[in-house]
Amino acid sequence: MYKYPLFEINYGEEEKKSIIKTLDSKWISTGPKCEEFENLFSKKNNVKFSLTTSSCTSSLHMSLIALDIKQGDEILVPSLTFSATVNIIKYMGAKPIFCDIISESNLNIDPLEIERKITKKSKAIIVMHYAGFPCEMEKILEITRRHKLYLIEDAAHAPLSEFKGKKLGSFGDIGTFSFFSNKNIAIGEGGMLVTNNSEIYEKAKLIRSHGMTTLSYARYKGHATEYDIKMLGYNYRMDDIRASLGIIQLKKLKKDIFKRERLRETYIELLKNNSKVIIPFIDNKNFVSNYIFPIVLKNSTKLLRDKVRMKLNDDRIQTSIHYPPVHKFSIYKEDYVDLPITDYVSDNQITLPMHSKLKTSDIDFIVSKLSNLLKDEKQKKD
Ligand SMILES: *Cc1c(COP(=O)(O)O)cnc(C)c1O
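Residues numbered from 1 in each chain as written. Predicted model: local features only at pLDDT ≥ 70, side-chain atom pairs only at ≥ 80, totals over all residues. Heavy atoms only, no water.

S.K.: I keep staring at the side chain of N106 and nothing clicks. Help me out?
M.R.: As for its position among the elements, N106 is in the loop between strand 3 (95-99) and helix 5 (111-117). On the accessibility criterion, N106 (15% relative accessible area) is buried. Here the side chain of N106 touches N108 through a polar contact of 3.0 Å, landing on its backbone nitrogen. (Helix = DSSP H or I, 4+ residues; strand = E, 2+ residues; numbered from the N terminus. Buried < 20%, exposed > 50% of the residue type's maximum accessible area, 1.4 Å probe, protein only. Polar contact = N/O pair within 3.5 Å; in protein donor to acceptor, adjacent residues only side chain to side chain.)

As structure tokens, then:
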């Protein structure tokens, strides 16, 4: 067991009570709790429509179906993301066009790369807001308008995060969120699709439930007795048990993020003068989720990074890598392109523990261990 895990779930009595209440209500599948979660999510994110789903992956898949993406269409996407962001492009028989990130200190997709790689076949851009830090939304929106491309925001890391006061996920045609068990809102498995477009919303609702024109809750309530299948859909629904967890988690989120903000400040204070460490997004002024705390080692190698991680592991400090680059996975061989900055970052990045139960003294310990390791490495080289 790690003494300093990467992440800890922030649950209390409220979560338990809420689940038991839902069980006692005798309605456990998609119903009033999902609707309540959706309404609260729309309000907090200032979007017109939110739709609970089974995961962020299914929300992303639904997005491409709703936007009518066809075989052979090209979708511009970062490689420094979780594989699901890209896998869903393959679900559609479309082609991922991998774009590099901006730099070692801004790990988001580079608008110049997007611009360079647009062709007649380009249909959409999928951005991913790394750790909740916003992509260059003004530049990206300008590109989508000029080239008439759809924009999907993979906001799995970014609930309540903002760019210049506007919520991430609300800039594009569609935004998607994850409530997987290690995300800011943790419910086990689950996701949300948000949009301001009523047509997309109506289509997404059909896709979520077999293409059926009514949900079983509406039939149970006596509002409907028949249904039609209007298009090929899936079962991508959330259930009310998870939704009741999500409501409580969402209500607690802002306070949780304030704690994370202070922890990030502590990390920065202790690391900012370390010449071997780059702190990505160090100048960020936006309100962000701080889903994870990433660092990038400067003038380093994969070998060194892996050694540092192993030694931290010996001190029972859990670390991770966000991410192994998607364009290097076997199934993406035919889509491979050189992405030098993505390659450097994925070889030299380390994710340190970040969650609201961490204490300042924990961060002191983690950073002192890390700093000593990096100092030792330098002396050995000299
Ligand atoms: C977690 C994650 C996903 C997948 O979310 P699920 O809810 O597990 O499907 C997609 N994209 C990113 C960037 C993620 O971090």
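S.K.: I tried to follow helix 4 (residues 84-91) on my own but got confused; where do I start?
M.R.: All of the buried residues along helix 4 are A84, T85, V86, I88 and I89. Of the residues one or two after helix 4, G93 is the one with positive phi, at around 70 degrees.

S.K.: Please explain the sheet that holds strand 4 (residues 122-128) as it appears in this structure.
M.R.: To summarise the sheet geometry, strands pair through backbone hydrogen bonds and adopt either a parallel or an antiparallel arrangement. Strand order in the open sheet formed by 7 strands is 1-9-8-5-4-2-3, and the pairing between neighbours is mixed. This sheet does not close on itself; its edge strands, each paired only once, are strand 1 (49-53) and strand 3. Across this sheet, the average inter-strand angle for adjacent strands is 20 degrees, counted without regard to direction. Pairing of strand 1 with strand 9 (residues 191-195) involves 5 bridges; the strand directions are antiparallel. Opposite T53, over in strand 9, you have G191 as the bridge partner. (Pairing = 2+ DSSP bridges. Axes fitted to C-alpha atoms, helices over the stretch in contact; angles between N-to-C directions.)

S.K.: What exactly am I supposed to notice about empty space enclosed by the protein here?
M.R.: The probe, sized like a water molecule, is rolled over the atoms to show the empty space still left. As enumerated under the stated definition, the model contains 1 cavity of 30 Å³ or more in all. Of the volumes computed, that of the largest cavity is approximately 90 Å³. Around the largest cavity, the lining residues are F7, E8, N10, K183, N184, Q249, K252, L253, D256, R260, H355 and S356. Here the residues of the lining of the largest cavity sort into 2 nonpolar, 5 polar and 5 charged. (1 Å grid on protein atoms, 1.4 Å probe; cavity = no way out; pocket = protein on both sides within 12 Å on 5 of 7 lines; lining within 4 Å. Points joined across faces, edges and corners; volume = space filled by probe spheres on them. Nonpolar A, V, L, I, M, F, W, Y, C, P; charged D, E, K, R; others polar.)

S.K.: Just checking my understanding: could you explain the site of the ligand for this structure?
M.R.: Residues in close proximity to the ligand total 15 residues, the closest being C56, T57, D154, S178 and K183. Contact distances for the ligand include 3.0 Å between an oxygen atom and a side-chain N or O atom of H157. Within the side chain of K183, one N or O atom sits 3.2 Å away from an oxygen atom of the ligand. Computed on the free molecule, the ligand has an accessible area of 380 Å², of which 93% lies beneath the protein chains in the complex. When the residues that make up the shell around the ligand are grouped by side-chain class, the tally is 6 nonpolar, 7 polar and 2 charged. (Near = heavy atom within 4 Å. Areas by Shrake-Rupley, 256 points an atom, 1.4 Å probe, with all protein chains shown as cover.)

S.K.: I keep staring at the packing of aromatic side chains and nothing clicks. Help me out?
M.R.: Centre-to-centre distance and the angle between the planes together describe a pair of aromatic rings. Per the counting criterion, the structure on display carries 17 aromatic pairs. Measuring from centroid to centroid gives 4.9 Å for F41 and F177, while their planes differ by 75 degrees, and the two rings are edge-to-face. With F41 in helix 2 (residues 32-45) and F177 in strand 8 (residues 174-178), the pair connects residues that are 136 residues apart, well separated along the chain. One exposure class covers both F41 and F177, and it is buried. Pairwise contacts between aromatic rings join F37, F41, F177 and F179 into one cluster. Residue placement shows K166 over the ring face of F171; its charged tip is 5.1 Å from the ring centre. One Lys or Arg, K254, reaches over the ring of F287 and ends 5.9 Å from the middle of that ring. (Phe/Tyr/Trp six-rings, centres within 6.5 Å; stacked < 30°, edge-to-face > 60°. Lys NZ or Arg CZ within 6 Å of the ring centre and 35° of its normal.)

S.K.: So what exactly am I meant to see when it comes to the pattern of salt bridges here?
M.R.: For side chains bearing opposite charge, pairing can occur when the charged atoms are close. A full pass over the atoms with the stated rule returns 25 salt bridges. A salt bridge links K123 to D73, with the shortest nitrogen-to-oxygen separation between them at 3.2 Å. Of this pair, K123 sits in strand 4 while D73 sits in the loop between helix 3 (56-66) and strand 2 (74-78), and the two are 50 residues apart along the sequence. Judged by its relative accessible area of 34%, K123 is partly exposed. (Salt bridge = Lys/Arg side-chain N within 4 Å of Asp/Glu carboxyl O.)

S.K.: Got a minute to help me understand the packing of helix 2 against helix 9 (residues 240-271) in this structure?
M.R.: Where helix 2 meets helix 9, the axes come as close as 7 Å, and the angle between the chain directions of the two elements is 30 degrees. On the basis of their axis angle, the class for helix 2 and helix 9 is roughly parallel. At the point where helix 2 passes helix 9, the crossing takes the left-handed sense. Across the interface between the two elements, P32, K33, C34, E36, F37, L40, F41 and K44 from helix 2 touch D240, A243, S244, G246, I247, L250 and K251 from helix 9. (Parallel < 35°, antiparallel > 145°, perpendicular 65-115°, else oblique. Left-handed = near helix turned anticlockwise from the far one by under 90°. Contact = heavy atoms within 4.5 Å.)

S.K.: What am I meant to see in unusual backbone geometry here?
M.R.: For residues other than glycine, phi is negative in most cases, and the peptide bonds are mostly trans. For the bond from H322 to Y323, the omega torsion is 10 degrees, close enough to zero to count as cis. Positionally, Y323 belongs in the loop between helix 10 (302-314) and helix 11 (340-348). The phi dihedral of K148 falls on the positive side, at around 55 degrees, and the residue is not glycine. Positive phi values are uncommon outside glycine, yet K164 reaches one of about 50 degrees. Of note, K164 is situated in the loop between strand 6 (162-163) and strand 7 (166-167).

S.K.: Before we go on, may I ask you to explain a positive patch on the surface in this structure?
M.R.: On the surface, a cluster of positive charge is made up of K21, K43, K44, K251 and K254. Every element with two or more residues in the positive patch is listed here: helix 2 and helix 9. With respect to the helices and strands, K44 occurs in helix 2. For K44, a relative accessible area of 33% corresponds to the partly exposed category. (Patch = residues over 30% accessible without salt bridge, like charges linked within 9 Å, V, L, I, M, F, W, Y side chains within 5 Å. Lys, Arg positive; Asp, Glu negative; His and termini not counted. Charge placed at Lys NZ, Arg CZ, Asp CG, Glu CD.)

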